[in-house]
Amino acid sequence: MNQATNCYHCGEPVPPGVPILARLQGADQRMCCVGCKAVAEFIDSSGLTAFYNFRDAPGSDFKLTPTTTEWSHYDSAELRNRYVHVDNGLAEATMDIGGMYCTACVWLFDNGLKQLEGIESASVNPATRRAVIRWYADSLRFSELLDALSRIGFKPSPVGAGRAVDEKDDEYRLSLKRLIVAAAAGMQVMMFAVALYAGDFFGIEGGIEAFLRLISLLVTVPIIFYSARPFFAGAWRGLRARSPGMDLPVSIAITTAFAASTYATLVNRGDIYFDSVAMFVFFLSATRFLEMRARHRSDDHALALARLLPDTAIRMKGSTSETVALDQVTADDILRIRPGDVIPVDGELISGNLFVDESMLTGEAMPVQRETGEMLFAGAVVREGNATVRVTRTGASTSLAEIGRMLERAKADRPPIALLADRIASRFVVAVLGVTALAAGTWYFIEPSRAFEVALATLVVTCPCALALATPAAIAAATARLSQNGFLLVRSRILDVLTRARTMVFDKTGTLTEGRPVVSGMQNLSGKELDIEELLALAASIETASEHVLARAFAAHYVAGRYEPEEIRVIPGEGVEATLGNDQYRIGNWRFVAELSGAPSDSRAQKDDHTEVFLGTREEMLACFSIGDQLRADAVHAIAALKKSGFRPVIASGDRAAAVRSVADKLGIDDWHAGLSPAGKLELIHDLRSRGESIVMVGDGINDAPVLAAADASIALDAGTALARASADAVSLGRRLGTIVTAVEIAMDTRTIIRQNIIWAIVYNVTAVPLAVGGFLAPWMAAIGMSLSSFVVVMNALRLHRARTENTMTSDHDHNRDERMKQATTT
């Protein structure tokens, strides 16, 4: 007997006390718990003990070292640009992980990558099989990462913005073939089973019975070795990882039933279960096929985005043009854009005016006008106009690719409820094997002839497929619905927070207002005669360093080369400081500028309809600019809808009290705070949270980034800064606040469906397990019951696709956007 102090199966220390022993290959081995004992004995009884020969020691980890393999071509500049986004030395790539089915696969993925040096983070969602991996580009090559994943046992397939994902089509065709084989062969087996069952009641000649048994065996062979192959592959991965998943009990059930039936057929004695095996494989394959279609459907929006981009672009060289492959376009190239073209890159419009349709990017169906000097984004469709564009970003760096990465992060992210379901499902597998062993042992003493049948039915009926699918299927469907409505999840935890939070804090400028401010007036504060245009040009040159919404008001007054300020410093929540010649300038709020110029406190009357920005030097206050900004078109209705849903809206703004009060009065918001610095906003959030409130923060500026990170959940507006989007849990595209209202409604629906799925899975198992253990369910009945439970969970999650929120914020032209997405996904 093995006297080791560690568990033979998992490698954990064996607790003191009565030893738990498992009889494996004729020898007693010490186990740490009855769960490991049950798993080990089933592995041994199923002829899979070779598993223990493929490791150096119990519980030993996988050791992955980078190698050079057939993946090396992914290190080429073209493929890196297509699939990998690098920012400050940190690389990020999105991949489809072929061969992932359950939580054991997730465990293997996570722990396998931990062995690689240079991995910063890796997250994967088993429901969508989509992973987002970040690593340090100097420490690990892209080809080495792909090679490591393939050696773990998966089939990685990089997903690049702007390219169709053909792997989904391959997966669909292969799954459909396996399902057809299982269905066709299964029907034949059932026909033979009907004849054999009839023979049990009415009698059958021995030779015919032997023939029907033999032909049933032959017809079942392709089901076992072709249709059921994914189950065996998943089980073997789980065994290698020492983390059994739901494919293990499935594979054991199929293997033992087929082996016992084959033996009974060859010796022409005993019961056969070919019909149960065929039904089990067919129904489970059908359920997984539906789950795959639901997963692919959740990817439709991301796939449509990827297929928006053309394969070529028209590049200008002086007065001539040439058509080149999109991969050959680089930054600073000049492209020609014509009516009907899809803009292939991010770039600056340097000549001409365009009307572009950005509905697939923002959810806004109405075309918007873009003029010289404005930015154009990859994926927008030109409805009218000709123009030339200077390329600023290509490939994985475009805004289209960033939207795609946000979608992928959301799919790979697992909220707390999903992690809890994963842990339950993983432990449930061990419990299933333990219950099955107990049932078999009990019936062996009660009625030995039925012990195998009862054990098989128990093993089949308790497969935790429904429990494993309950949460991921709903999250995937919700993510797809939200993305279609212009609301991109970055971290799926926001779905949970939106259902329980009751306070939503808004920034004012650029959030509740349009964020398209203009200089509506100017007041000379110096007492000297000053050139208004020169002051505007000076202010514009200083504001070029700021990403604040108000800084955009000066963009139209910028004159290239007229002023070249130096030592520019942006102070979030205050303004901008710069040096021009021997003079130091500040532009921002009165307090900030007055500190430099020594001006007294501002005693002038404040106006409600605009924000004031001041410009001054060390010697004097030069000017006051009046910045006007309108409320977002649907702001009044959106705030009213949120209040109706139970939210208490709060405004936290750095603007003057008069301007904030005016906006609050128009929106019917009673709780508003003005003149807040970033630290003041952060203090407000902490104060609200200290009262036990769950807070959702909505903002867009660089000064909102710390507050977005501090809230329970946060939403950044797409027009905002990159830092704000990086700090947020979700990004609302377009100009409508109504997307937030829609997100709240979908979050509520998602919570309801997740609860329904988990309750259904629990009720099913609580009901079915006693029936199976009690011998009331035949194996074929268990196969139908288990498959139907998974089918119910998947179809219930798909209701999130079909549901249409009756939200007045939704654009009247959403139909056009939906039609474009359908065309893109069917290209």
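For the structure, see preceding data.
Model, not experiment: these values are computed from the prediction.

## Brief notes about the overall build of the protein
Reasoning step 1: From N to C terminus, the protein includes 27 helices and 29 strands.
Reasoning step 2: Per-residue burial over the protein gives 55% buried out of 827 residues.
Reasoning step 3: In the form shown here, the protein has an accessible surface area of approximately 35,000 Å², with 55% of it arising from carbon and sulfur atoms.

## Quick notes on the packing of aromatic side chains
Reasoning step 1: Going through the model one piece at a time under the given rule, you end up with 10 aromatic pairs.
Reasoning step 2: Here Tyr74 and Tyr83 contribute two aromatic rings whose centre-to-centre distance is 6.0 Å and whose plane-to-plane angle is 50°, an arrangement assigned as tilted. Grouping residues by exposure puts Tyr74 and Tyr83 together as buried.
Reasoning step 3: When the ring of Tyr172 is compared with that of Phe289, the centres are 5.6 Å apart and the planes differ by 40°; the resulting orientation is tilted. Of this pair, Tyr172 sits in helix H5 (residues 166–202) while Phe289 is found in helix H9 (residues 274–298), placing the two residues 117 residues apart along the sequence.
Reasoning step 4: Residue class for Phe289 comes out buried when judged on its relative accessible area of 13%.
Reasoning step 5: Over the ring of Tyr226 we find Arg178, and its NZ or CZ is 4.9 Å from the ring centre.
Reasoning step 6: One Lys or Arg, Arg502, reaches over the ring of Phe647 and ends 5.4 Å from the middle of that ring.

## Quick look at the sheet that holds strand S18 (residues 503–506)
Reasoning step 1: With respect to topology, 7 strands assemble into an open sheet ordered S17-S29-S28-S27-S18-S25-S26, the strand pairing being mixed. Looking at which strands have only one partner, the edges of the open sheet turn out to be strand S17 (487–489) and strand S26 (671–673). Pairs of neighbouring strands in the sheet enclose a mean axial angle of 20°, with direction left out of account.
Reasoning step 2: Sheet topology places strand S25 (residues 648–652) next to S26; 3 bridges connect them, and they run parallel. When the bridges of S26 are listed, Ala652 appears paired with His673.
Reasoning step 3: The strands that helix H16 (residues 493–500) touches are S17, S18, strand S27 (695–699), strand S28 (713–717) and strand S29 (730–732); relative to S28, the one it contacts most, it runs at about 105°.

## Some points on helix H14 (residues 448–461)
Reasoning step 1: Here H14 contains 14 residues, and its C-alpha end-to-end distance of 21 Å stays within 8% of the 20 Å for a straight helix at 1.5 Å per residue.
Reasoning step 2: Turning to H14, its buried residues are Ala451, Glu453, Val454, Ala455, Leu456, Ala457, Thr458, Leu459, Val460 and Val461.

## What to know about the pattern of salt bridges
Reasoning step 1: Enumeration over the complete set of coordinates arrives at 25 salt bridges.
Reasoning step 2: Ionic pairing is found between Glu144 and Arg141, a salt bridge with its closest N-O pair at 3.3 Å.
Reasoning step 3: Of the residues examined, Glu144 reaches a relative accessible area of 10% and is grouped as buried.
Reasoning step 4: Between Asp687 and Arg691 there is a salt bridge, with its nearest N and O atoms 2.7 Å apart.
Reasoning step 5: Where salt bridges share partners, they join Arg315, Lys317, Glu322 and Asp333 into one cluster.

## Topic: the sheet that holds strand S22 (residues 583–588)
Reasoning step 1: The antiparallel open sheet is built from 6 strands, whose spatial order is S19-S24-S23-S22-S21-S20. Edge positions in the sheet fall to strand S19 (518–524) and strand S20 (566–571), since each has one partner strand and no second. Strand-to-strand, the axes of this sheet are offset by a mean angle of 15°, without reference to chain direction.
Reasoning step 2: Inspection of the sheet shows S20 paired to strand S21 (residues 575–580) by 4 bridges, in the antiparallel sense. By the bridge assignment, Glu566 is partnered in S21 with Thr579.

## Concerning the packing of helix H6 (residues 206–227) against helix H8 (residues 247–267)
Reasoning step 1: Relative orientation of the contacting elements H6 and H8 amounts to 155°, with a least axis distance of 10 Å. Comparing the axis directions of H6 and H8 gives the class roughly antiparallel. Like other packed secondary-structure pairs, H6 and H8 cross with a definite hand, here left-handed. In this structure, H6 uses Arg213, Leu214, Leu217, Thr220, Val221 and Ile224 to contact H8, whose residues at the interface are Ile254, Phe258, Thr262, Ala264 and Thr265.

## Considerations on the nonpolar core
Reasoning step 1: With 46 residues, the main nonpolar core has Phe487, Ile494, Leu498, Met504, Leu512 and Ile715 as its most contacted residues.
Reasoning step 2: Tallying contributions element by element places helix H25 (residues 738–773) first for this core, with 9 residues.
Reasoning step 3: Shared between two domains, this core holds at least three residues of each, these being domain 3 (168–300 + 414–474 + 751–802) and domain 5 (487–506 + 632–742).
Reasoning step 4: The next biggest cluster of nonpolar side chains, apart from the first, holds 44 residues, and it includes Val189, Phe192, Ala264 and Phe280.

## Structural notes on the pairing of strand S11 (residues 346–351)
Reasoning step 1: Sheet analysis places S11 next to strand S16 (residues 387–393), joined by 5 bridges and oriented antiparallel. Residue pairing in the sheet places Glu348 in a bridge with Arg390 of S16.

## Topic: a nonpolar patch on the surface
Reasoning step 1: On the surface, Trp760, Leu788, Phe791 and Val792 cluster together into a nonpolar patch covering about 330 Å² of accessible area.
Reasoning step 2: With 3 residues, helix H26 (residues 779–802) is the largest single contributor of residues to the nonpolar patch.
Reasoning step 3: Within the element layout of this structure, Leu788 appears in helix H26.

## Some details on the environment of Phe232
Reasoning step 1: Mapped onto the secondary structure, Phe232 falls in helix H7 (residues 229–240).
Reasoning step 2: Through-space distance from the C-alpha of Phe232 to that of Ile254 is 9.3 Å; in sequence the pair is 22 residues apart.
Reasoning step 3: Contact partners of Phe232, with chain neighbours within four places excluded, come to Ile224, Ser251, Ile254 and Thr255.

## Details of the side chain of Asp75
Reasoning step 1: In this fold, Asp75 is placed in the loop between helix H1 (34–45) and helix H2 (77–83).
Reasoning step 2: Of the polar contacts made by the side chain of Asp75, one reaches the side chain of Arg141; its length is 3.3 Å.
Reasoning step 3: Only 3.5 Å separates the side chain of Asp75 from the backbone nitrogen of Phe142, close enough to count as a polar contact.

## Some thoughts on unusual backbone geometry
Reasoning step 1: Even without being a glycine, Asn268 presents a positive backbone phi close to 55°.
Reasoning step 2: One non-glycine residue, Glu567, lies in the positive phi region at around 50°.

## A look at the pairing of strand S6 (residues 130–136)
Consecutive residues of a regular strand have side chains that alternate between opposite faces of the sheet.
Reasoning step 1: Among the 7 residues of S6, 5 are classified as buried, and the element is accordingly described as predominantly covered.
Reasoning step 2: Taken together, the 7 bridges between strand S4 (residues 90–98) and S6 define a ladder with antiparallel strand orientation. Residue pairing in the sheet places Met95 in a bridge with Ala131 of S6.
Reasoning step 3: In terms of strand pairing, strand S5 (residues 119–125) meets S6 through 6 bridges, oriented antiparallel. Bridging across to S6, Val124 finds its partner in Ala131.

Quick notes on the rules
- Residues numbered from 1 in each chain as written.
- Predicted model: local features only at pLDDT ≥ 70, side-chain atom pairs only at ≥ 80, totals over all residues.
- Heavy atoms only, no water.
- Helix = DSSP H or I, 4+ residues; strand = E, 2+ residues; numbered from the N terminus.
- Buried < 20%, exposed > 50% of the residue type's maximum accessible area, 1.4 Å probe, protein only.
- Areas by Shrake-Rupley, 256 points an atom, 1.4 Å probe, with all protein chains shown as cover.
- Phe/Tyr/Trp six-rings, centres within 6.5 Å; stacked < 30°, edge-to-face > 60°.
- Lys NZ or Arg CZ within 6 Å of the ring centre and 35° of its normal.
- Pairing = 2+ DSSP bridges.
- Axes fitted to C-alpha atoms, helices over the stretch in contact; angles between N-to-C directions.
- Contact = heavy atoms within 4.5 Å.
- Expected span 1.5 Å × (residues − 1).
- Salt bridge = Lys/Arg side-chain N within 4 Å of Asp/Glu carboxyl O.
- Parallel < 35°, antiparallel > 145°, perpendicular 65-115°, else oblique.
- Left-handed = near helix turned anticlockwise from the far one by under 90°.
- Core = buried A, V, L, I, M, F, W, Y, C linked by side-chain atoms within 4.5 Å.
- Domains from an automatic or database assignment.
- Patch = residues over 30% accessible without salt bridge, like charges linked within 9 Å, V, L, I, M, F, W, Y side chains within 5 Å.
- Polar contact = N/O pair within 3.5 Å; in protein donor to acceptor, adjacent residues only side chain to side chain.

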